[in-house]
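Letter by letter, the chains look like this.
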Amino acid sequence: MPPKRVQVNAVTIAPSSAAGVLVPDTAIAREATQLVRDTVSELVYHHSRRVFWFGALQGRNRDLSFDPELLYVGALFHDLGLGEPFHGSGRRFEVDSADEARRFLSSHQVPEDSIRRVWTAIALHTTPGIPQFMEPEVALVTAGVEYDVLGIGYEDISEADRAEIVALHPRPDFKRRILDAFTDGIRPKPETTFGNVKADVLEHYVPGFERGDFVRTILDSPWPE
């Protein structure tokens, strides 16, 4: 008989084991789950939990030793900054998300180096080409995001494991809905997309958006020749 699901705050809370990977059974993990579940949309909650499992499985594939609790918190908090309370911050949503994770972990007296790893993992999760060379927790938050959103390394995880995770955290119409969530989260602060992948989102979905141009910025700088 499959594990029983529990309905809380309109979000289905799935069992804490899938594809041979356990969610850490710690107070920090439980409180992080409650906080994020109560803060973000059902879409982002399910996505964030999938990111943990996909990141952990990619860690296993890459023979990386990582702290599951830090990976879990990084995965859960990585999109928190897309929410309405942060629309006026003027900062990249990744930084808002990372700062919320730092506040949460600091309140639990987590060592500073661990906090730094989680902060960096979240802050860099939309900056391809760098995280994979950093600490495992940093690399694997990005790996989980890239797997769930972009399908990078899709065949690295078995169909059976993938199906088990998606059964716990479904992704109906996920491609369109996550793009809507990105658009809603960054539309109020378009300047924060300069030089990062989210400029593509606004270019597609926000009429009149003009992406920043690095070359033009250099040529138009106040420096005399």
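Residues numbered from 1 in each chain as written. Predicted model: local features only at pLDDT ≥ 70, side-chain atom pairs only at ≥ 80, totals over all residues. Heavy atoms only, no water.

A. Geometry of the packing of helix H5 (residues 112-123) against helix H6 (residues 136-150). As a packed pair, H5 and H6 sit with axes 8 Å apart at the nearest point and diverge in direction by 30 degrees. With respect to each other, H5 and H6 are oriented roughly parallel. Judged by the sense of rotation from one axis to the other, the crossing of H5 with H6 is right-handed. Residues Arg117, Thr120 and Ala121 of H5 pack against Pro136, Glu137, Val138 and Val141 of H6. Its residues assigned to classes, the contact of H5 with H6 shows four nonpolar, one polar and two charged. (Axes fitted to C-alpha atoms, helices over the stretch in contact; angles between N-to-C directions. Helix = DSSP H or I, 4+ residues; strand = E, 2+ residues; numbered from the N terminus. Parallel < 35°, antiparallel > 145°, perpendicular 65-115°, else oblique. Left-handed = near helix turned anticlockwise from the far one by under 90°. Contact = heavy atoms within 4.5 Å. Nonpolar A, V, L, I, M, F, W, Y, C, P; charged D, E, K, R; others polar.)

B. Main features of the packing of aromatic side chains. One pass over the full model with this rule turns up five aromatic pairs. Centre to centre, the rings of Phe54 and Tyr147 are 4.5 Å apart; their planes meet at 40 degrees, and the pair counts as tilted. A residue pair is termed long-range when its members are at least 10 positions apart, and Phe54 in helix H2 (residues 42-61) and Tyr147 in helix H6 qualify at 93 residues. The same class applies to Phe54 and to Tyr147, which are both buried. (Phe/Tyr/Trp six-rings, centres within 6.5 Å; stacked < 30°, edge-to-face > 60°. Buried < 20%, exposed > 50% of the residue type's maximum accessible area, 1.4 Å probe, protein only.)

C. Representation of the pattern of salt bridges within the structure. The full count for this structure, using the stated rule, is 20 salt bridges. Ionic pairing is found between Asp25 and Arg30, a salt bridge with its closest N-O pair at 2.7 Å. The exposed category is assigned to Asp25, whose relative accessible area is 67%. The class for Arg30 is partly exposed, based on a relative accessible area of 48%. Between Glu100 and Arg103 there is a salt bridge, with its nearest N and O atoms 2.3 Å apart. Placement of both Glu100 and Arg103 in helix H4 (residues 93-106) is noted, with a separation of three residues, approximately one turn of the helix. Its relative accessible area of 21% is what places Glu100 among the partly exposed residues. By sharing partners, the salt bridges in this structure join Arg91, Asp96, Asp99, Arg102 and Lys189 into a single network. (Salt bridge = Lys/Arg side-chain N within 4 Å of Asp/Glu carboxyl O.)

D. How the structure looks around a nonpolar patch on the surface. Together, Phe194, Phe214, Val215, Ile218 and Leu219 line one region of the surface with nonpolar side chains, adding up to about 530 Å² of accessible area. On the secondary structure map, Leu219 appears in helix H10 (residues 214-219). (Patch = residues over 30% accessible without salt bridge, like charges linked within 9 Å, V, L, I, M, F, W, Y side chains within 5 Å. Areas by Shrake-Rupley, 256 points an atom, 1.4 Å probe, with all protein chains shown as cover.)

E. Unusual backbone geometry, seen in detail. Of note in this structure, Asp63 is not a glycine but carries a positive phi near 55 degrees. Mapped onto the fold, Asp63 is located in the loop between H2 and helix H3 (68-77).

F. Here's a closer look at the nonpolar core. Residues Phe52, Val73, Phe77 and Leu105 are the most contacted members of the largest nonpolar core, which totals 44 residues. Mapped onto this core, the elements with two or more residues apiece are helix H1 (27-39), H2, H3, H4, H5, H6 and helix H7 (159-168). Broken down by element, the residue count for this core peaks at eight residues, all from H2. Excluding residues within four positions of it along the chain, Val73 makes contact with Ile28, Ala32, Phe104, Leu105 and Val118. (Core = buried A, V, L, I, M, F, W, Y, C linked by side-chain atoms within 4.5 Å.)

G. Seen up close, the environment of Thr120. On the secondary structure map, Thr120 appears in helix H5. It is 17 Å that separates the C-alpha atoms of Thr120 and Ser48, two residues lying 72 residues apart in sequence. Residue contacts for Thr120: discarding those within four places in its chain leaves Met134 and Val138.

H. A look at H1. Compared with an ideal rise of 1.5 Å per residue, which puts 13 residues at 18 Å, H1 spans 18 Å between its outermost C-alpha atoms and is within 8% of the ideal. When H1 is considered as a whole, its buried residues turn out to be Ile28, Ala29, Ala32, Thr33, Val36 and Arg37. One face of H1 carries all of its buried residues, which in axial projection span an arc of 155 degrees. (Expected span 1.5 Å × (residues − 1). Arc of directions from axis to C-beta.)

I. Structural view of the packing of helix H8 (residues 174-186) against helix H9 (residues 198-205). Interaxial distance between H8 and H9 falls to 10 Å at its minimum, and their mutual angle equals 95 degrees. Here H9 runs roughly perpendicular to H8, going by the angle between their axes. Of the residues in H9, those touching H8 at Leu179, Phe182, Thr183 and Ile186 are Lys198, Val201, Leu202 and Tyr205. Partitioned by chemical class, the residues of the contact of H8 with H9 number six nonpolar, one polar and one charged.

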